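# A closer look at the structure
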Amino acid sequence: MKNKKQMEADLMLILVTLCWGVSYYLMDISLGDMDPFTLNAHRFLGAFLIAVIISWKKIKTVNKTTLKYSVLVGIALVFVYIGATFGVKYTSLSNSGFLCAMTVVFTPLISRIFLKQKQDRKVLTAVLMCFVGIALLTLKDDFSINKGNLKGDLLCLMCAFAYAIDLLLTEKAVSHEEVDAYQLGVFQLGVTGVFNLIMAFITEQPHLPSTPSIWGAVLFLAVFCTGVAFVVQPVAQQYTTAAHTGVIFALEPVFAAAVAVIFAHEILSVKSYLGAFLMVASVIVMEIDFGSIRKRKKEAEV
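What you see is a predicted model; the values in this text were computed from it and never measured.

Take the overall build of the chain next. Each helix and strand counted, the chain has 14 helices and 0 strands in total. In the chain, buried positions account for 51% of the 302 residues. Accessible surface, the chain as shown: approximately 14,700 Å² in total, 69% of it carbon and sulfur.

Let us now look at the environment of leucine 184. Looking at the element boundaries, leucine 184 is found in helix α9 (residues 181-203). Setting aside residues no more than four positions away along its own chain, leucine 184 makes contact with Thr66, Tyr69, Ser70, Val73, Thr170, Ala173, Val174, Val179 and Pro234.

It is worth spelling out the packing of helix α2 (residues 36-54) against helix α10 (residues 212-236) at this point. It is at 8 Å that the axes of α2 and α10 come closest, and there the two elements cross at 60°. Judged by the angle between their axes, α2 and α10 are oblique. Relative to α10, the crossing made by α2 is right-handed. Along the contact surface, α2 presents Leu39, His42, Arg43, Phe44, Ala47 and Ile50, while α10 presents Val218, Leu221, Ala222, Val223, Cys225, Thr226, Gly227 and Phe230. Broken down by class, the residue content of the contact of α2 with α10 amounts to 10 nonpolar, 3 polar and 1 charged.

Quick look at the packing of aromatic side chains now. Scanning the model with the defined rule gives 9 aromatic pairs in all. Consider the rings of phenylalanine 44 and phenylalanine 230, whose centres lie 5.9 Å apart with planes at 35°: the pair is tilted. Linking phenylalanine 44 in helix α2 with phenylalanine 230 in helix α10, this pair joins segments that are 186 residues apart in sequence. Of the aromatic side chains, those joined through ring pairs into one cluster are Trp20, Phe44, Tyr81, Tyr163 and Phe230.

Here the focus is helix α12 (residues 252-263). Between its first and last C-alpha atoms α12 spans 16 Å; for 12 residues at 1.5 Å apiece the expected length is 16 Å, and the two agree. Every buried residue of α12 is listed here: Glu252, Pro253, Val254, Ala256, Ala257, Val259 and Ala260.

On to a nonpolar patch on the surface. Together, Val71, Ile75, Phe79 and Met158 line one region of the surface with nonpolar side chains, adding up to about 320 Å² of accessible area. Top element by residues in the nonpolar patch is helix α4 (residues 64-90). It accounts for 3 residues. Assignment of secondary structure puts isoleucine 75 in helix α4. Judged by relative accessible area, isoleucine 75 falls into the partly exposed class, the value being 41%.

Within the secondary structure, glutamine 205 sits in the loop between α9 and α10. With a relative accessible area of 69%, glutamine 205 lands in the exposed category. Taking the C-alpha atoms as reference, glutamine 205 lies 9.7 Å from phenylalanine 37; in sequence the two are 168 residues apart. Those residues in contact with glutamine 205 that lie beyond four places of it in its chain are Asp35 and Ala200.

What counts and how
- Residues numbered from 1 in each chain as written.
- Predicted model: local features only at pLDDT ≥ 70, side-chain atom pairs only at ≥ 80, totals over all residues.
- Heavy atoms only, no water.
- Helix = DSSP H or I, 4+ residues; strand = E, 2+ residues; numbered from the N terminus.
- Buried < 20%, exposed > 50% of the residue type's maximum accessible area, 1.4 Å probe, protein only.
- Areas by Shrake-Rupley, 256 points an atom, 1.4 Å probe, with all protein chains shown as cover.
- Contact = heavy atoms within 4.5 Å.
- Axes fitted to C-alpha atoms, helices over the stretch in contact; angles between N-to-C directions.
- Parallel < 35°, antiparallel > 145°, perpendicular 65-115°, else oblique.
- Left-handed = near helix turned anticlockwise from the far one by under 90°.
- Nonpolar A, V, L, I, M, F, W, Y, C, P; charged D, E, K, R; others polar.
- Phe/Tyr/Trp six-rings, centres within 6.5 Å; stacked < 30°, edge-to-face > 60°.
- Expected span 1.5 Å × (residues − 1).
- Patch = residues over 30% accessible without salt bridge, like charges linked within 9 Å, V, L, I, M, F, W, Y side chains within 5 Å.
- Salt bridge = Lys/Arg side-chain N within 4 Å of Asp/Glu carboxyl O.

Okay, here's the thing in structure tokens:
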């Protein structure tokens, strides 16, 4: 039953990852009309208001423990989206998607160093495959750093580190019986949105989207890439681990690259395609139950 629940949770997280892969292209479009904090305020407050309207009865009974973790996770998300949104401004679409996926490397490292959580060999193998895949996708043909994109790349790495913190905080939060995972998903949106709105008024000139195409991009970001995604994530994380989730989220740059190639007409090299293949393969490796395969093999031999 546990494996079935984990598989269902993983499928939910893959759908979330698909939405986030699309989000880089939509952010790139939206940033042509509005500044980063303004865009994030629209995304998160829009998603929060929609979630409140459709599920008021379910969230009005929120307790202090759920609110406490909502604030902590929301603060982590603020740094995630400072890195992601500003990163998209200063690097390529494909690079931003790939580097933000470094969460897959940071998550098991942080959990091992600070939380003393040991990772099994299968997860570590998947993490290594992802790391090599990300290197193939992001580095130049001679494996040197693209200095023209360095500012954006560093911001995207900050995003990845902050999101690893977010995953571990979420894992800790949903392990408490008194924390409602759905409520956590909703209220973290409000916390993140309010902070971004404050920063937008301090550093920018906030305004509504100016054209129908920008409205469409912002609404899709708010509803699917933010509302649905961040409510589904804590619910799914009740049945899987932060490290496991991090490996699945490594598919995000693959989806981001596909969108960049199809819609933004970016060109990927053979090396980049090999990196994408390794990252997809890492998720498949993580999902295979090698213990059951070995057990069945031994039974067949007997």
